[in-house]
Structure formats: C-alpha cells, structure tokens
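Residue-level structure breakdown
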Amino acid sequence: MKVPLLDIVAMHAPIREELADTLLRVLDSGSYINGPFVESFESELARACGSAHAVGVSSGSDALIIALMALGIAPGDEIITTPFTFFATAGAISRVGATPVFVDIDADTFNIDPNLIASAITPKTKGIIPVSLFGQTADLDPILRLAEEKGVWVIEDAAQSIGARYGGKMSGTFPLAGTYSFFPAKNLGGIGDGGAVMTDDDAFAEQLRIMRNHGGRDRYFYDRVGGNFRLDALQAAILSVKLPHLRRWEEARRANAAFYDQALSGLAGVVTPRVMPNAYHVYNQYVLRIKDGRRSEFEDRLKRAQVAYAIYYPLCLHQQGCFAYLGYPEGAFPVSEQAAKEVLAIPVLTDQAEYVAAALKGEV
Ligand SMILES: Cc1ncc(COP(=O)(O)O)c(C=O)c1O
C-alpha cells in the first residue's frame, strides 16, 4: 500500500461533477478577470469567516506583499515574525524592502512566543506578522495587546489556518488583517494559486483593492504603484464550490488527529501535537516531534511502509543563505532550531490513518 501525504484528486472525487461544471461555466462566461465569480467568492468567504472584507489576490505570498505595500512598508522599516515558517512570510517582508526581525517560537505550538516579542520592538518596528502554523492560531491575545500598546499593527499569516479558531473567533479575522493561501494543499485549496486578505477595516480594504489593480482607483489613473495581484475567476469559482465543504474536510482532519493522538501516545521518542485550550486546530498538517535524534529512524519506518511524510521545515529562516545579511548566528533561536531537527508531518486527511500509525510503530 502507498499512502500519499495528501490525495487531492481523491478529495475532489465526491464533488468532481460540480467542479467540472464550474470550469465550463467560467469558460463560457468570458469573464476571466475580476467580475462576478470573484465578487461572489469574496462575499461568501467574508460571510463564512465573519469578516467585513475578503479581498481575493493571486496567492498567499502576494496577500502578505500587497498588505505590506498597502500599508506603505518600505526600506528602513522592521517587521517582527517567526523564523519557523514557510519562506513566504519573511520573503514578503524582504520583497517590500523592509527588514524581517525574528523572534523565537513556543516549543509546544511551534508559533511565535508572545513573551519574547516586546524585547524585539524598536522605534523602526511597524508591525508583527504572527504565523498560525500547521492549522493552529498563534497565541493572538497577548500579541494584539502588545501591538496596541506599542502602536504597531498585526497581520496574521493564516495561510495554513483557514477555519481555525482562537477563543471562538476565526483565524484570519483579527485586526488589522489576516492572509489566506488557496494553494492546492491548503485546507481550502484551488486548482492553482490564490489567496485573500481579510480585514474589518474599510479604508484598508479599499487600499488593497486599489493595489491589486496596479494602484489605480480607476483604470489608467494611478495614485500609487501597486501590481497585478488579482485572484482569477477560475480559481474563485472553484473555491466557491469547495468552501461549503471546508468544515467536512476539517472534521475529517480533526478525527484523524484525535486518532493519532491516542494511537501514538506513549510511543517512545514521539511527541504528538499540543493544542492551546482556547484553540480549535484544523490540522493543515499533523506534525510530530521526534526526540532524541531519532527522526531518521521513524523516516525509515515510513519509507519502508510507503507512507509519504514531510519535514516542515528543515532549516529556519534566519539560517537561510538569503538572510545571512541579517547577521543572526547559529543558536540565535534555539527553540526553532530544535524544532527544525525534530518535526515530522504525516498524512492527516487520509483513509489510512491506522496503517500510518502502525507504520510509525514499526508494525508494517
Ligand atoms: C505560512 C505560509 N505563509 C505563506 C504562504 C504562501 O502561500 P502561497 O503558496 O499561496 O503563496 C504559505 C503557503 O505556501 C504558508 O504556509
């Protein structure tokens, strides 16, 4: 038996007809850029998440970039984030010419440690981008409180956490804004790239809409330099079909996560994910920690059983060549560096959870 990390085609099977009809509907509409498919999806997404505005954009990476551009972030500005995330979080900060300032993570949740942020704030700090990694929100309350006190904004990178909740409120809907990715492997994925910026702030939403169309309020008249950051109609239409199913897929992920929590508890060397008491985790990834330098042993077990796995992420961002200029030494963020050595993501939206657990136990 072979178990993929995620079988997207199998996931689409029950709604294949509807998806195929939608492709043709877009094709026959002739409306491929902006227009009704994008507008409908944006209002459905805003309603589903309880946000005043959903601004569809070209990817989760571009969602971060356009948010920073709309805020006028520029060289000389510092933005605080985590070194234990997908590259795009810090990449976006760098793309607008600002400086990423890293703060270590909490060992239990893999998310930025709120207690360490205050000491990283300087007069150049403009904002904080906490990442809600693997489908669990960062501990947002203390971050939002600190940001308010210091007069800086917060943008939650919720690329991996659509549907997750923190104290009952949806990930991605906290002030000032949150960003989603619709990369196919995300909990709500398109059949290509896409993303959104969520905000309750009317003026900020307007700036985002201007910036995604090159910075022009009206076509051919530009007050600001934006870019082409549009979500295309085809992705929007597909996402409209998939959005009503998000909860069902999320529940399947959570059920398998609960099964793994039980099945793997007590397995020597393996630590199952920790969930904050006020969090509703949606397990975009189910990520184990493998202690005592034993990760390759568990990788071998999975390989032998033909179970796909992934290491998110093998190298922290402060250790990447492109960020060497920031001057962080080895050991600068010990909790993140330790996590990079120990994490192991296993298939979580799968019918083969029992087999995966047995493989990890060396029973296959
Ligand atoms: C935490 C995080 N931020 C940003 C992104 C970028 O999203 P995209 O791939 O849609 O550009 C991703 C996903 O790939 C991500 O996981």
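Residues numbered from 1 in each chain as written. Predicted model: local features only at pLDDT ≥ 70, side-chain atom pairs only at ≥ 80, totals over all residues.

**So, helix 3 (residues 36–49)**
Using the following cut-off: By definition, any uninterrupted DSSP run of H or I lasting at least four residues is a helix, any uninterrupted run of E lasting at least two residues is a strand, and each is numbered from the N terminus. Given a helix with a known number of residues, its expected span is that number minus one, times 1.5 Å. We call a residue exposed when 12 or fewer other C-beta atoms sit within 10 Å of its C-beta, buried when the count reaches 20 or more, and partly exposed for counts in between; the C-beta positions come from the backbone. Each direction from the helix axis to a C-beta atom contributes to the arc, which is the arc of those directions. Any residue pair is listed as a contact if its two C-beta atoms, each placed from the backbone, are within 7 Å.
Helix length check: helix 3 (14 residues) gives 20 Å between terminal C-alpha atoms against 20 Å at 1.5 Å per residue, within 8%. Taken residue by residue, helix 3 has Phe37, Val38, Phe41, Glu42, Leu45, Ala46 and Cys49 as its buried positions. Looking straight down helix 3, one finds its buried side chains confined to an arc of 155 degrees; they lie on one side. Residues of helix 3 that are exposed and point more than 90 degrees away from the buried face comprise Pro36 and Arg47. Residues of helix 3 that are buried in the fold lie against helix 2 (16–29), strand 1 (53–57), strand 7 (169–170), strand 9 (195–199) and helix 8 (233–242). In the segment just after helix 3, Gly50 is the residue with positive phi, at about 75 degrees.

**As for the domain arrangement of the protein chain**
Filter applied, for reference: What fixes the domain bounds is an automatic or database domain assignment. The classification used treats Ala, Val, Leu, Ile, Met, Phe, Trp, Tyr, Cys and Pro as nonpolar, Asp, Glu, Lys and Arg as charged, and all other residues, Gly among them, as polar.
For the protein chain, the assigned domains are domain 1 (8–244) and domain 2 (246–360). For domain 1 versus domain 2, the distance between C-alpha centres works out to 24 Å. In this complex, domain 1 contributes 31 residues to the contact, which on the side of domain 2 involves 27 residues. Put simply, the parts of the chain that give the side of domain 1 that touches domain 2 at least two residues each are helix 5 (87–95) and strand 6 (165–166). Class assignment for the residues of the side of domain 1 that touches domain 2 results in 15 nonpolar, 10 polar and six charged.

**Describing the site of the ligand**
What counts here: In this text, near has one meaning. A residue is near a molecule or strand if its C-beta atom, placed using the backbone, is within 6 Å of it.
Close to the ligand lie 15 residues; Ser59, Gly60, Ser61, Ala159 and Ser181 are nearest. Those elements that provide at least two residues to the shell around the ligand are helix 4 (60–70) and helix 5. Each residue belonging to the shell around the ligand can be placed in one class, and the counts come to five nonpolar, eight polar and two charged.

**Overview of the sheet that holds strand 1**
Put simply, the rule reads: We treat two strands as partners when DSSP finds at least two bridges between them. A fitted line through C-alpha atoms represents every axis, and for helices the fit uses only the stretch in contact; the resulting angles, taken between N-to-C directions, go from 0 to 180 degrees.
Reading across from one edge, 1-9-8-5-4-2-3 is the order of the seven strands in this open sheet, with mixed pairing throughout. The sheet terminates laterally at strand 1 and strand 3 (99–102), the two strands that pair on one side only. On average, each strand axis in the sheet is tilted by 25 degrees relative to the strand beside it, whichever way the strands run. Pairing analysis gives two bridges linking strand 4 (residues 125–129) to strand 5 (residues 153–157), with the strands arranged parallel. Along strand 5, the bridge assignment pairs Ile128 with Val154. The strands that helix 3 touches are strand 1 and strand 9; relative to strand 1, the one it contacts most, it runs at about 135 degrees. Relative to strand 2 (residues 78–81), helix 5 is tilted by about 180 degrees, and along the sheet it contacts strand 2, strand 3, strand 4 and strand 5.

**Concerning the pairing of strand 3**
Inspection of the sheet shows strand 2 paired to strand 3 by four bridges, in the parallel sense. Across the sheet, the residue bridging to Ile79 is Pro100, located in strand 3.

**What about the pairing of strand 8 (residues 177–181)?**
Taking burial as the measure, the five residues of strand 8 include five buried ones, the bulk of the element. Examined bridge by bridge, strand 8 and strand 9 share five bridges and lie antiparallel to one another. Residue pairing for strand 9: Ser181 is matched across the bridge by Gly195.

**A closer look at the sheet that holds strand 6**
Spatially, the three strands line up as an open sheet ordered 7-6-13, and their pairing is antiparallel. Where the open sheet ends on each side, the last strands, each with one partner, are strand 7 and strand 13 (279–280). Bridge analysis of strand 6 against strand 13 gives two bridges, and the strand direction is antiparallel. The residue of strand 13 that forms the bridge with Arg165 is Tyr280.

**Some points on unusual backbone geometry**
For the peptide bond that leads from Pro175 to Leu176, omega is 0 degrees, which places it in the cis range. Cis rather than trans, the peptide bond between Tyr312 and Tyr313 has omega equal to 10 degrees. Here Tyr313 lies in the loop between helix 10 (295–304) and helix 11 (334–342). The phi angle at His214 is positive, at roughly 70 degrees, despite the residue not being glycine. With respect to the secondary-structure elements, His214 resides in the loop between helix 7 (202–211) and strand 10 (216–218). Of note in the backbone geometry, Gln306 takes a positive phi value of approximately 60 degrees without being a glycine. By the element assignment, Gln306 lies in the loop between helix 10 and helix 11.

**Topic: the packing of helix 4 against helix 5**
Basically, it comes down to this: Left-handed describes a crossing whose near helix is turned anticlockwise from the far helix by less than a right angle; the clockwise case is right-handed.
Packing of helix 4 against helix 5 leaves a shortest axis separation of 9 Å and a crossing angle of 35 degrees. Taken as a pair, helix 4 and helix 5 cross one another with a handedness that is right-handed. On helix 5, the residues touching Gly60, Ser61, Leu64, Ile65 and Leu68 of helix 4 are Ala88, Thr89, Gly91, Ala92, Ile93 and Arg95. Its residues assigned to classes, the contact of helix 4 with helix 5 shows six nonpolar, four polar and one charged.

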